[in-house]
Amino acid sequence: MSGIEPFYVMEVLKQAHRLAEKGRNVIHLSIGEPDFQAPPSVVQALTDAAHAGHMGYTNAKGLLGLREKICAFYAKNFHVTVSPEQILITTGASAALTLACLALVEAGSDVLMPDPSYPCNRHFVAAADGVARLMDCGPETGFQPTALQVEQHWNQNTRGLMIASPANPTGTRIAADELNAMAEVCRKKQGFLIVDEIYQGLVYDRPAETALALPAVASGFEDLIVVNSFSKYFGMTGWRLGWMVLPERLAHDFEKLAQNLSICAPTLAQHAAMACFHENTLALCEERKTLFQNRRDFILGALADIGVPVPAKPDGAFYVYADISAFSESSVQWCSDLLNATGVCIVPGTDFSVLNGHRYIRISYARDMPDLEKGMSLVRSFIQQR
Ligand SMILES: Cc1ncc(COP(=O)(O)O)c(C=O)c1O
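Here the structure is a predicted model, which is why all the values come from computation and not from measurement. For every chain, the first residue of its written sequence is number 1, and the numbers climb from 1 along that sequence. Predicted model: local features are reported for residues with pLDDT of at least 70 only, side-chain atom pairs are reported and counted for 80 or more only, and whole-chain, interface and lining totals are derived from all residues. The side-chain values count all of the structure's non-hydrogen atoms but skip hydrogen atoms and water molecules.

Is there a simple way to think about the site of the ligand in this case?
Throughout this document, a residue counts as near a molecule or strand when at least one of its heavy atoms sits within 4 Å of that molecule or strand. Surrounding the ligand, one finds Gly-92, Ala-93, Ser-94, Tyr-118, Asn-168, Asp-196, Ile-198, Tyr-199, Ser-229, Ser-231, Lys-232 and Arg-240. Separating an oxygen atom of the ligand from a side-chain N or O atom of Ser-94 is a distance of 2.5 Å. In this structure, Ser-229 approaches the ligand through a side-chain N or O atom, which is 2.7 Å from an oxygen atom. Within the complex, the protein chains bury 92% of what would otherwise be the 400 Å² of accessible surface of the ligand. With three residues, the single largest contributor to the shell around the ligand is helix 4 (residues 92-104). Gly counts as polar in this scheme, as do all residues outside two lists: the nonpolar Ala, Val, Leu, Ile, Met, Phe, Trp, Tyr, Cys and Pro, and the charged Asp, Glu, Lys and Arg. Partitioning the shell around the ligand into residue classes produces four nonpolar, five polar and three charged. Throughout this description, a polar contact denotes any pair of N or O atoms lying within 3.5 Å of each other; where both atoms belong to protein, one of them has to be capable of donating a hydrogen while the other can accept it, and for residues adjacent in sequence the pair is counted only when both atoms sit in side chains. Values of accessible area rely on a 1.4 Å probe in the Shrake-Rupley scheme; residue burial ignores everything except the protein chains shown. A helix here means a DSSP run of H or I that spans at least four residues, while a strand means a run of E at least two residues long, and both kinds are numbered starting from the N terminus.

Shown next, in the form of structure tokens:
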């Protein structure tokens, strides 16, 4: 436990709650969850499932009907064939990542991951008694690793690579050819590749992709685990539902582990999630995606006006990773001062980046336009007055 670090973001949030309790209006550009509710069709499906009494456990893999819909989604959108046997429905991407680490990481072995990345990844690995080995990834590669870097960091203790595309906190993606080259390195080293695609549907400048469609996979690379979730694109963070796509030969082992660890993912949420793949639900989510894109463009424009650099343009998720090193040596202090002075809550990069987080902040634009406009105008006056 002493190796598990606290979530420093929570300190900023605690400070924000204290201010709110004193009656201050706090604008949260901090939280990694959509301001949209779950689509109405999904809420209706939940109510129907509850009235129909679907309240017992499902099997550990999840409802077959839902797994079939996920397979159809991959076939339609990405022309890849996966069988329902390869799908495991989980309690969010969080449980999928935990399961993957518990199943694949041996005590004392290493897992490579970029710095910056989603902080819980380090702790999923630690929970399996493994060691997260960070690769310093800068703006020149969109804060994502390159295949060369992966190869250079791989040692005899390394079991695999964990990445996300688009990523949190940067909103950047890995180009398909680079990702393919990383899969080839993993194949050569006989390691695994976990690709977190939780923000897959929230992409703006080029179409959505999946690692399942990589040439390396088509030519037989088997140790790919793809993670996804209903949390972000479908606006269902609290429903705690995600899924993973497993290599056929590992599916049974993962199922055994899932049976023991959680029995199954929430049943009502599973029934409701079947409505996610209706045409009308997807059309609504696509409309919301356009709103996110407009918000991203607004934030990028506002930061450029204020003179806060965004060294790698985000093309997915709902985050902007901005460099405040010209204004402060400590992003924690800067965020705390900003909050006290203006009521705008933005999180420091320190949770996401052990190596360089003091230079960066993560702005979440999962808020409506009036909040974003007010927030950016307050950031502008805060910077100008210092
Ligand atoms: C990259 C990434 N992976 C996983 C998660 C966990 O998501 P879930 O709600 O599906 O457990 C998050 C949540 O913010 C995330 O940003």
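Would you mind going over the sheet that holds strand 2 (residues 87-90) with me for this structure?
By definition, the strands of a sheet pair up through backbone hydrogen bonds, in either a parallel or an antiparallel sense. Ordered in space as 2-8-7-6-5-3-4, the seven strands form an open sheet in which the pairing is mixed. Of all strands in the sheet, those bounded by a partner on one side alone are strand 2 and strand 4 (131-136). Strand-to-strand, the axes of this sheet are offset by a mean angle of 25°, without reference to chain direction. Pairs of strands are assigned from DSSP output, requiring at least two bridges between the strands. Of the strand pairs in this sheet, strand 3 (residues 110-115) and strand 5 (residues 158-164) are connected by three bridges, and their pairing is parallel. The residue bridging Leu-112 from the neighbouring strand is Leu-161, located in strand 5. Each of strand 2, strand 7 (224-229) and strand 8 (242-245) is contacted by helix 3 (residues 64-78), which is oriented at about 120° to strand 2, the strand it contacts most. Inter-axis angles, ranging from 0 to 180 degrees, are taken between N-to-C directions of lines fitted to C-alpha atoms, where helices are fitted over the stretch in contact. In what follows, a contact means two residues having at least one pair of non-hydrogen atoms within 4.5 Å.

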